[in-house]
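One-letter residues, chain by chain:
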Amino acid sequence: MTRARLQELWRYYQMGVLNTAFGLGMYAALVWLGMNMFVAQLTAHLLGMAFNYLTYSRHVFRDAGPAKLRFALSYGVNYLLGLATLALISRFVASPYIAGLMSAVIVSVVNYFALKSLVFRRRAA
């Protein structure tokens, strides 16, 4: 792995921590307020999507061209994967908070590769 790729991966996980804190914070707050965990996940995901686009496009993949439509489509698939993962994990883990965290960690790995290869492509030189 090249130094540039490692730096990009480092920036991805720096922003990932911030994005995850935002998304999980929204999710936890909505569950705490009494919202169904699946509705809370959808709501937090939609709010987080806009926040994530800004952080990833400006800090991680800053050499890439604009990709709002590809980003939205990627996050649609990301949401479905997260929903399926949350549903599966919640069968084994009683806490919706722990299930949400575990789902987010698993989906983040897949999301990096989707964003890197499908969404934020390098601009032609």
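To be clear, the structure that these remarks concern was listed above.
So, how was this worked out
- Residues numbered from 1 in each chain as written.
- Predicted model: local features only at pLDDT ≥ 70, side-chain atom pairs only at ≥ 80, totals over all residues.
- Heavy atoms only, no water.
- Core = buried A, V, L, I, M, F, W, Y, C linked by side-chain atoms within 4.5 Å.
- Buried < 20%, exposed > 50% of the residue type's maximum accessible area, 1.4 Å probe, protein only.
- Helix = DSSP H or I, 4+ residues; strand = E, 2+ residues; numbered from the N terminus.
- Contact = heavy atoms within 4.5 Å.
- 1 Å grid on protein atoms, 1.4 Å probe; cavity = no way out; pocket = protein on both sides within 12 Å on 5 of 7 lines; lining within 4 Å.
- Points joined across faces, edges and corners; volume = space filled by probe spheres on them.
- Nonpolar A, V, L, I, M, F, W, Y, C, P; charged D, E, K, R; others polar.
- Axes fitted to C-alpha atoms, helices over the stretch in contact; angles between N-to-C directions.
- Parallel < 35°, antiparallel > 145°, perpendicular 65-115°, else oblique.
- Left-handed = near helix turned anticlockwise from the far one by under 90°.

S.K.: Describe in detail the nonpolar core, supporting the description with residues and values.
M.R.: Counting 14 residues, the largest nonpolar core has Tyr12, Tyr56, Phe61, Phe71, Leu115 and Phe120 as the members making the most contacts within it. Going through the elements one at a time, α1 (3–32), α2 (37–60), α3 (68–90) and α4 (96–119) are the ones with two or more residues in this core. What Tyr56 contacts, discounting residues up to four positions off in sequence, is Tyr12, Met15, Gly16, Asn19, Phe61, Phe71, Tyr75, Asn111, Leu115 and Phe120. Of all hydrophobic cores here, the second largest spans ten residues; its members include Tyr27, Leu86, Val93 and Ala99.

S.K.: Describe the layout of surface pockets, listing the residues and the values that go with them.
M.R.: Of the voids in this model, the largest pocket is the one considered here, and its volume is about 630 Å³. Lining the largest pocket are 30 residues, with Asn19, Thr20, Gly23, Leu24 and Ala104 sitting closest to its centre. Looking at the lining of the largest pocket, the elements with two or more residues in it are α1, α2, α3 and α4. Looking at the lining of the largest pocket residue by residue, the classes come out as 16 nonpolar, 14 polar and no charged.

S.K.: Give me the packing of α1 against α2: which residues, what numbers.
M.R.: Axis separation between α1 and α2 bottoms out at 8 Å; the angle between their running directions is 155°. In this view, α1 runs roughly antiparallel relative to α2, as classed from their interaxial angle. Where α1 crosses over α2, the handedness of that crossing is right-handed.

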